[in-house]
Structures are given as structure tokens and as C-alpha cells.
Amino acid sequence: MAPATRKPQDYTLRVTAGPSYDLTTHVQVPINSSKLTHISSEGMDMDLNVRIQDYQRGLPRNSPCTSSYFDKEPHRYNKDQYSISIRFTPKAPPTSQHGNGKSMADGTATKDGPVKKQVKGEEEEVQQGIPSSDLQFGNDFDHPIRAYLPPGVNTAMNIVKWWIDPGLEGDAYADEPFLYGPALSSFNAVRVGRGGEHDDDDDDGVGLWVEEGGSSTCSSDGGSDREDGEDDEDEDDASSGGVDGQGSAGAGAGAEQKNETEKSPEAHPQDTGQGQGAGAGQQHPKTNNSKPSTRTRTRTRTHTSGKHWRDEVLKGSGVGDDPKKRQKWALKEDSKKKWVWEYGRTYAVDFYNPYIDFGRCELKLPGFGVNVLRYWDGETGLRYVLRNRLTKKPYLVILFTLYPNDMVNEDGTLKPEALKATARASGGGREKTDTDGAKAADADAGIDEAAKQEGEDGFRRDKALDEAREKLGVKIGEGPKERAGGHGDDVD
């Protein structure tokens, strides 16, 4: 266990993001800024905003300590502590190649979903995109953390899964711990469309703002959603230059796609001055000076508005624009088949909660609270990942890392030892120890020992669950009964 003398003011928080686990592809993310960070991966183009309350000791230096985002509802009422907002456009894989190099001309499903097949020389229309069950969002680690878990972690996992997000599945005691759920049920707000941007020229503005629902304009339109717009069926296919109309990767993604070859820019190398960032991230505004790559375009339904698309998918469900109903609906097996994250269509999502206080380095679940610094190994960061369930390949990796203040230079750059520590904690250069091997050989014993420790350390499971039940009431589920198919379902 780490020394209890660790204090939050002795550490500096840094957030990076990239299209892979490889830290050389990451860029530093501005916090509480309206400026979007652009990330391009093989399967998606994305724009990212990260906001953190009480951001007093973080990079970049002189970042705003908060965002006006937290003054708006529902965040003021929730007392939310952080937010991860993402705008993304899935890219269709080349139709001539399967993930293993085999031809897909016969209509074999790709790692991201079904593909078209030829019928008597004509193309058969098949829904294109990433199935709802295959796009996941959550946390993972690439090495065991069981030796550093606090008492009560099993109960904490149950609180999260029973009351906060029943779609989550995870194992904190695995050799590679994880906590993942379907993106459609995990995100607090989901919008079919670009989402809004507020105070984009103001460093402490809101940035990407996501309202549950769908835009009234086609996803090929540049700029923010316009609620008073109408579908434009005659829109020029070339009207969009990408995510923000400035030539980012995935150009023309919103237009009706045909079997023609297009040029799609790859990521812009960016030097953070810290041995990282030679990958696929950049901040807006951006220019198109990267190498193009050839992708085959496939016909999709992106020429309909986001509102029309969402209404069609949710028809008869009673969900409307209610985020909690959408989260519950998304857990149903038949719902997972109805919602497909279409290639070429733009979506905006927001993930937020009051449970992680980065300023105090505390996890604060109802019924369960812990000072993270007491149990932290001194190197491992918190990783949020948007990934494909089948391939386990990430589209987006966001890493929150704490550094001792003496590992950070005055100008905000990291000292060499800090970068080495981060690489070790992320799997690079880390050697397995005998202790790791012994615990990996008997994970069940580790779980039993943790349960025993919960009692020995004075942790009372029943009391914690009662407190969680009192504070949370019925959120998405009703505890174990709801997960087992109990009552409380008000959506079809």
C-alpha cells in the first residue's frame, strides 16, 4: 500500500489522447477549453473535449480551473466533476479487404459489421456500420492492479453495475483489468448529428455541447446542428470537407456515399516537445496538409437528418429524447440489433459524472469512497477507451496521468524520467515480477482475499449498499433484480 502521506498538491495531472495505446501517437489535451482536439484513427475521425472541475494542478499550465459547462444543467444539479465529449464519424473499411486480408466480395461480415454483397451484378443494400453491441466505452489496464485495490472494490463494482450502468462488465482482478459497456448505454448523452459548439473562440468556453436527440440537418452539413433546419435531399455530396469543413480526415463523410474512390487524409504528426505526439492528434483549427490514403466509399443513409434517422431506429420504443430511457432501451438484445453506428454519419456523445474528483484524487461513489493516492502504485494512469468489442482494437484512447511535481518542468514539459514511468505503466518496458506471476496463477484466490480484506479493514458491505440505495434510488436498474430481468422497464 502506498504511503498515506501523499497529498494531491504534490502531483500534476496531464491528459493525453490518441488513436492507439501507443503513447507516441498521443497529444496533450487542453482542459476546460473550447478548443477541440482532433484525433484520426483507421476506423474513425473524432473531435474531443475534456473538462475537469477544480483543475488547479494540471497541464497545460495556466489552464482554466473550471468550465462554464459545469454551470449548465444537468451538470450543476448533478455536481458533475468531469466530462469527456466526443464527436465521431465511423469510417467504412475497404470493401476489398477483410481484417485478415481475405476478400469480402461475398458479403462476409467485417470486424465492424455487415458488408454489401453482389446480387446479379447489382449492389444489395445492407445496413452499414458498427453494431451497437460492438462499440464499447470504458476503462482498461494492461497489467494487474489487484495488489493495489482498496477494500470494498467488489461492492463498488456492484454499485456501479446495479444502479449506475447495468450494461457494464468488468474484472478488476484480471491480469489485464477492464470495465466496459456498450457505448450506446454508457454515454450520458447521445446525439445523432454534430452537436453544438459554444464560445469556440473563447479559451474557457463550453466547447462541444451534446443535447440528447438528433439534428434536423443532414450530417454532411458543416458547423453546429441547426434545430430549425430541414432535410436537404439535394445537398451536394462534396459540401463537407470533413469533421469541421476544413479538410480533416473522412472528407465528405456526410454525403450519400457511392462505390467510388476518395482521398482521405491521415493524421497530422504533431510534436508535443515531450517525446510524444508523432501520431494522429491535433487541435482545431487544422489544415489539410497530410498524406492522403485511398478508401472505398460505400452507400449509406447519411443523406437523411439525424433526427429522422434516430426516430426511425427508436420508433415505437417510447424513448424519445430521454437519455435515461435510451440507456435502458440500449440494454435490450433486440435494441442492439436495431441501432448501428453508420459509416459516414456523425454522432456526438458526452460522458460525465460526479464520482471522480480529480482535484482531491478521490473516488466518490454513493456508499463507497476512497483516497486514490493511498492505493496508487505511483505510475499507472486512468485510461478511457472507445474500442471495437470483437477486435479489441481502440478507436480512441484517453489517458489521465499523475506526475510528481518534480518530474514536470516549469514550462509544462515532462522530464525524461516521467515519460519512462508513463511508458512502463502503459505496458512499455515493464517487466513482469514474480508477484505478478503468482497472483496471475490464482485470480480466484485474489478475489477471495480481497473479500476477506474488506471485512478486516472495517468495510461494511451491507451498510455501503444501503447508503447507495438511499442516495441513488432507482437509476437505470433496480439492483440485482433488474439485471436478472426484473420489473421497472418502461421502454419497449
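Residues numbered from 1 in each chain as written. Predicted model: local features only at pLDDT ≥ 70, side-chain atom pairs only at ≥ 80, totals over all residues. Heavy atoms only, no water.

### As for the overall build of the protein
On a plain count of helices and strands, the protein comes out with 12 helices and 25 strands. Out of the 492 residues in the protein, the part that is buried amounts to 53%. Restricting to contacts in the protein with at least 6 residues of sequence separation, those with at least 24 account for 71%. Counting every atom, the protein has about 21800 Å² of accessible surface; 47% of that belongs to carbon and sulfur. (Helix = DSSP H or I, 4+ residues; strand = E, 2+ residues; numbered from the N terminus. Buried < 20%, exposed > 50% of the residue type's maximum accessible area, 1.4 Å probe, protein only. Contact = heavy atoms within 4.5 Å. Areas by Shrake-Rupley, 256 points an atom, 1.4 Å probe, with all protein chains shown as cover.)

### Focus on the side chain of Ser185
Its location among the elements puts Ser185 in helix H3 (residues 183–186). Judged by relative accessible area, which is 1%, Ser185 ranks as buried. For Ser185, the residues in contact, after removing those within four places along its chain, are Asp165, Gly167, Arg326, Gln327, Ala330 and Leu331.

### A short note on the pattern of salt bridges
All chains considered together, the criterion is met by 17 salt bridges. Put simply, Asp142 and Arg383 hold a salt bridge, and the shortest N to O gap is 3.4 Å. Linking Asp142 in the loop between strand E9 (135–140) and helix H2 (153–164) with Arg383 in strand E24 (residues 382–388), this pair joins segments that are 241 residues apart in sequence. For Asp142, a relative accessible area of 25% puts it in the partly exposed group. With a relative accessible area of 7%, Arg383 lands in the buried category. For the salt bridge of Arg310 with Asp321, the shortest nitrogen-to-oxygen distance reads 3.8 Å. Taken together, the residues span a long stretch of sequence, with Arg310 in helix H4 (residues 306–313) and Asp321 in the loop between H4 and helix H5 (323–329) at a distance of 11 residues. Through salt bridges that share partners, Glu212, Arg310, Asp321 and Arg326 make up one connected network. (Salt bridge = Lys/Arg side-chain N within 4 Å of Asp/Glu carboxyl O.)

### Some details on the sheet that holds strand E22 (residues 362–365)
If you walk across this open sheet you meet the 3 strands as E21-E22-E23, and the pairing is antiparallel. Of all strands in the sheet, those bounded by a partner on one side alone are strand E21 (356–357) and strand E23 (368–371). Across 4 bridges, the pairing between E22 and E23 is antiparallel. When the sheet's bridge partners are listed, Leu363 is paired in E23 with Val370. (Pairing = 2+ DSSP bridges.)

### What about H2?
Taking 1.5 Å per residue, 12 residues should reach 16 Å; H2 reaches 15 Å between its end C-alpha atoms and fits that length. With respect to burial, H2 is a largely interior element, 9 of its 12 residues being buried. Listed as buried for H2 are Val153, Thr155, Ala156, Met157, Ile159, Val160, Lys161, Trp162 and Trp163. (Expected span 1.5 Å × (residues − 1).)

### Considering the pairing of strand E12 (residues 189–192)
The two faces of the sheet receive side chains in turn, since in a regular strand these alternate between them. Taking every second residue as pointing to the same face, both faces of E12 are buried, with Ala189 and Arg191 on one and Val190 and Val192 on the other. Of the pairings in the sheet, the one linking E12 to strand E20 (residues 347–353) comprises 4 bridges and is antiparallel in character. Counted as the bridge partner of Arg191 is Ala348 from E20. Inspection of the sheet shows E12 paired to strand E15 (residues 213–214) by 2 bridges, in the parallel sense. From the neighbouring strand, Arg191 faces E15, where its bridge partner is Gly213.

### Things to note about the nonpolar core
If you look at the biggest cluster of nonpolar residues, it comprises 51 residues, and the most contacted ones within it are Ile52, Trp339, Trp341 and Phe400. Excluding anything up to four places from it in sequence, Trp339 contacts Pro131, Ser132, Leu184, Val190, Val192, Trp309, Arg310, Val313, Leu314, Trp329 and Tyr347. (Core = buried A, V, L, I, M, F, W, Y, C linked by side-chain atoms within 4.5 Å.)

### Remarks on the confidence of the model for the protein
As a note on interpretation, predicted positions should not be read in detail where pLDDT is low. Looking at the protein, pLDDT values average 74 and 61% of them are 70 or higher. Of the regions scoring below 50 in pLDDT, residues 285–300 engages in 68 contacts with residues more than four places distant in sequence or in other chains. Note on residues 474–489: pLDDT under 50 across the span, and 29 contacts to partners over four residues away in sequence or across chains. (pLDDT = per-residue confidence, 0-100.)

### Some details on the environment of Met46
For Met46, the location among the structural elements is in strand E4 (residues 44–52). Here the alpha-carbon distance between Met46 and Arg87, two residues 41 residues apart in the chain, equals 5.4 Å. Setting aside chain neighbours within four positions, we find Met46 in contact with Thr37, His38, Ile39, Ser41, Ile86, Arg87, Phe88, Tyr395 and Leu396.

### What to know about the sheet that holds E9
Strand order in the open sheet formed by 7 strands is E2-E1-E25-E24-E9-E11-E10, and the pairing between neighbours is antiparallel. Each end of this open sheet is capped by a strand with a single partner; those strands are strand E2 (27–28) and strand E10 (169–171). As judged from the 6 bridges shared by E24 and strand E25 (residues 394–404), these two strands associate in the antiparallel manner. Bridge pairing in E25 links Leu386 to Leu396.

### Some remarks on the packing of aromatic side chains
Across all of its chains, the model carries 18 aromatic pairs by this definition. A ring pair is formed by Tyr82 and Phe351, whose centres lie 6.2 Å apart and whose planes are at 65°; its orientation type is edge-to-face. Residue Tyr82 is found in strand E5 (residues 82–90), and its partner Phe351 is found in strand E20; the two are separated by 269 residues along the sequence. Pair check on accessibility: Tyr82 and Phe351 agree, each one buried. For the pair Tyr82 and Tyr384, a centre-to-centre distance of 6.2 Å together with 45° between the ring planes defines the contact as tilted. Taken as a pair, Tyr82 in strand E5 and Tyr384 in strand E24 lie far apart in primary sequence, 302 residues in all. Exposure class is identical for Tyr82 and Tyr384. Each is buried. (Phe/Tyr/Trp six-rings, centres within 6.5 Å; stacked < 30°, edge-to-face > 60°.)

### Some words on the pairing of E22
As defined by bridge partners, E21 adjoins E22 across 2 bridges and the pair is classed as antiparallel. Directly across from Asp357, in E22, lies its bridge partner Glu362. Taken together, E21 and the strand that follows it, E22, pair antiparallel across an intervening segment of 4 residues, in which Cys361 is found at a positive phi of about 55°.

### Thoughts on the environment of Gly320
You can see Gly320 is positioned in the loop between H4 and H5. Given a relative accessible area of 43%, Gly320 falls into the partly exposed group. Ignoring sequence-local partners within four residues, the contact set of Gly320 consists of Arg310 and Leu314.

### Brief notes about H4
Every buried residue of H4 is accounted for by Gly306, Trp309, Arg310 and Val313. In a view along the axis of H4, the buried residues occupy a sector of 95°, so they form one face of it. On the buried face of H4, the contacting elements are E12, E15, H5, helix H6 (333–338), strand E19 (340–342) and E20. (Arc of directions from axis to C-beta.)

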